[in-house]
Amino acid sequence: MLRAFHTFVRLRYASEIRALYGATVGDPLDRFNRLRHVRDEPAQRLPPTAERLTAFFAHARARLATVSDYPAAARDYALWRTLYHSAPRLSEALRLELCDVHPELGPSGKLHVRFGKAANASGPRPRWAPMLDGLDRILAWYQSDIRPLFPDTAALFCDAHGEVLKPETVRDRLARLLDTESRIEGDQFTPHDLHRACATHHYEQGMDLITVQQLLGHEHIASTMAYVRPCLTFVEDAWRRATSRALNGLAG
């Protein structure tokens, strides 16, 4: 609808503007805004909401008391939380090593993502990912209580043999855990959705796109804009916050 409107305006008035001002009317939706306002590609489904993930993490945490393979379940829990709170891609998280966890850096510690994905196969692009929303405490618990139950290798998240977990194994284990929630069909998500949810939820909470870009390790802001999928009430929520601030300012 928006693209059709701009096309109509351009075709209707382009000749008059060119005659009067000698200027050519181009597409007002540049390549950055187009991703936010008009999606040429099929729209992705929305990432899980913050409330949905709160329920999921509570379910995963509660199951730790009853599962037969406690070390693997606890490792998975720490991995899910890492994907959501520090936003590494699954491939990046699985290549993390014990030496890449730096609790001494910054207010809550950082992860050294040494094998960050790069565009156009240009080689790894390392970055520092902050451990947000209590992830520092979760990884401290994991490293002190859970990781020693696995073989003594370099990998942060490893299997029973000390080898790095395979992505398909992680996706399968998440799908099986989601099945135990007995939620409605279609209320499932993937490890990559946790990565997208981190970007979206921080944006909804007021983090600017440049900061989200740095968090995700994107080279171009357009890539970040394609990842952010605010909830359906995002505009209304933002309006309520702005109105509340204005009223508080007038009252003050």
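Residues numbered from 1 in each chain as written. Predicted model: local features only at pLDDT ≥ 70, side-chain atom pairs only at ≥ 80, totals over all residues. Heavy atoms only, no water.

Mind laying out the nonpolar core, listing which residues take part and the relevant values?
In this structure, Phe56, Leu79, Trp80 and Phe157 are the most contacted members of the largest nonpolar core, which totals 51 residues. Sequence-distant contacts of Leu79, that is, excluding residues within four places in its chain, are made with Ala93, Leu94, Phe157, Leu165 and Val170. (Core = buried A, V, L, I, M, F, W, Y, C linked by side-chain atoms within 4.5 Å. Buried < 20%, exposed > 50% of the residue type's maximum accessible area, 1.4 Å probe, protein only. Contact = heavy atoms within 4.5 Å.)

How would you explain unusual backbone geometry if you had to name every residue and give the values?
One non-glycine residue with positive phi stands out, namely Ala87, at about 60°. Looking at where Ala87 falls in the secondary structure, it is placed in the loop between α4 (70-85) and α5 (90-94). One non-glycine residue, Asp133, adopts positive backbone phi at about 55°. With respect to the helices and strands, the residue Asp133 is situated in the loop between β3 (127-130) and α6 (135-146). (Helix = DSSP H or I, 4+ residues; strand = E, 2+ residues; numbered from the N terminus.)

A description of the packing of helix α3 (residues 50-63) against α4 should follow, citing residues and the corresponding values.
Taken N-terminus to C-terminus, the directions of α3 and α4 make an angle of 160°; their axes are 10 Å apart at the nearest point. Overall, the two elements α3 and α4 adopt an arrangement that is roughly antiparallel. Judged by the twist between their axes, the crossing of α3 over α4 is left-handed. Each of Ala50, Leu53, Phe56, Phe57, Ala60 and Arg61 in α3 lies in contact with α4, whose residues at this interface are Tyr77, Trp80, Arg81 and Tyr84. (Axes fitted to C-alpha atoms, helices over the stretch in contact; angles between N-to-C directions. Parallel < 35°, antiparallel > 145°, perpendicular 65-115°, else oblique. Left-handed = near helix turned anticlockwise from the far one by under 90°.)

An account of the sheet that holds strand β2 (residues 110-113) is needed here, citing residue identities and associated values.
The sheet built from 3 strands is open, its strands ordered β1-β2-β3 with antiparallel pairing. Since the sheet does not close on itself, it has two edges, and those belong to β1 (101-102) and β3, each with one partner. Taken together, the 2 bridges between β1 and β2 define a ladder with antiparallel strand orientation. Within β2, the position partnered with His102 by the bridge is Lys110. (Pairing = 2+ DSSP bridges.)

Now, about the confidence of the model for the protein chain: what can you tell me, with residues and values included?
Reading predicted coordinates in detail is not appropriate for stretches of low pLDDT. A residue-level look at the protein chain finds 70% of positions with pLDDT of 70 or above and a mean pLDDT of 79. Overall, residues 29-43 carries pLDDT values under 50, and its contacts beyond four positions in sequence, including any with other chains, amount to 24 contacts. Throughout residues 232-236 the model reports pLDDT below 50, and contacts reaching past four residues in sequence, or to other chains, amount to 4 contacts. (pLDDT = per-residue confidence, 0-100.)

Account for the pattern of salt bridges, naming residues and giving values.
Under the defined criterion, the tally for this structure stands at 9 salt bridges. A salt bridge links Arg52 to Glu181; the shortest N-O distance between them is 2.7 Å. Residue Arg52 is located in helix α3, and its partner Glu181 is located in the loop between α7 (167-179) and α8 (191-204); the two are separated by 129 residues in the primary sequence. Between Glu92 and Arg89 there is a salt bridge, and its shortest N-O distance comes to 2.5 Å. Judged by its relative accessible area of 2%, Glu92 falls in the buried class. Connected through shared salt-bridge partners, Arg75, Asp76 and Arg173 make up one network. (Salt bridge = Lys/Arg side-chain N within 4 Å of Asp/Glu carboxyl O.)

Break down the packing of α4 against α6 for me, with residues and values.
The axes of two packed helices give the description: the angle between them and the distance between them. Where α4 meets α6, the closest approach of the two axes is 10 Å, and the angle between their N-to-C directions is 155°. Comparing the axis directions of α4 and α6 gives the class roughly antiparallel. Handedness of the crossing formed by α4 with α6: left-handed. Counting all contacts with α4, which are made through Tyr70, Pro71, Ala74, Arg75, Tyr77, Ala78, Arg81, Thr82 and His85, the residues of α6 involved are Leu135, Ile138, Leu139, Trp141, Tyr142 and Ile146. Here the residues of the contact of α4 with α6 sort into 11 nonpolar, 2 polar and 2 charged. (Nonpolar A, V, L, I, M, F, W, Y, C, P; charged D, E, K, R; others polar.)

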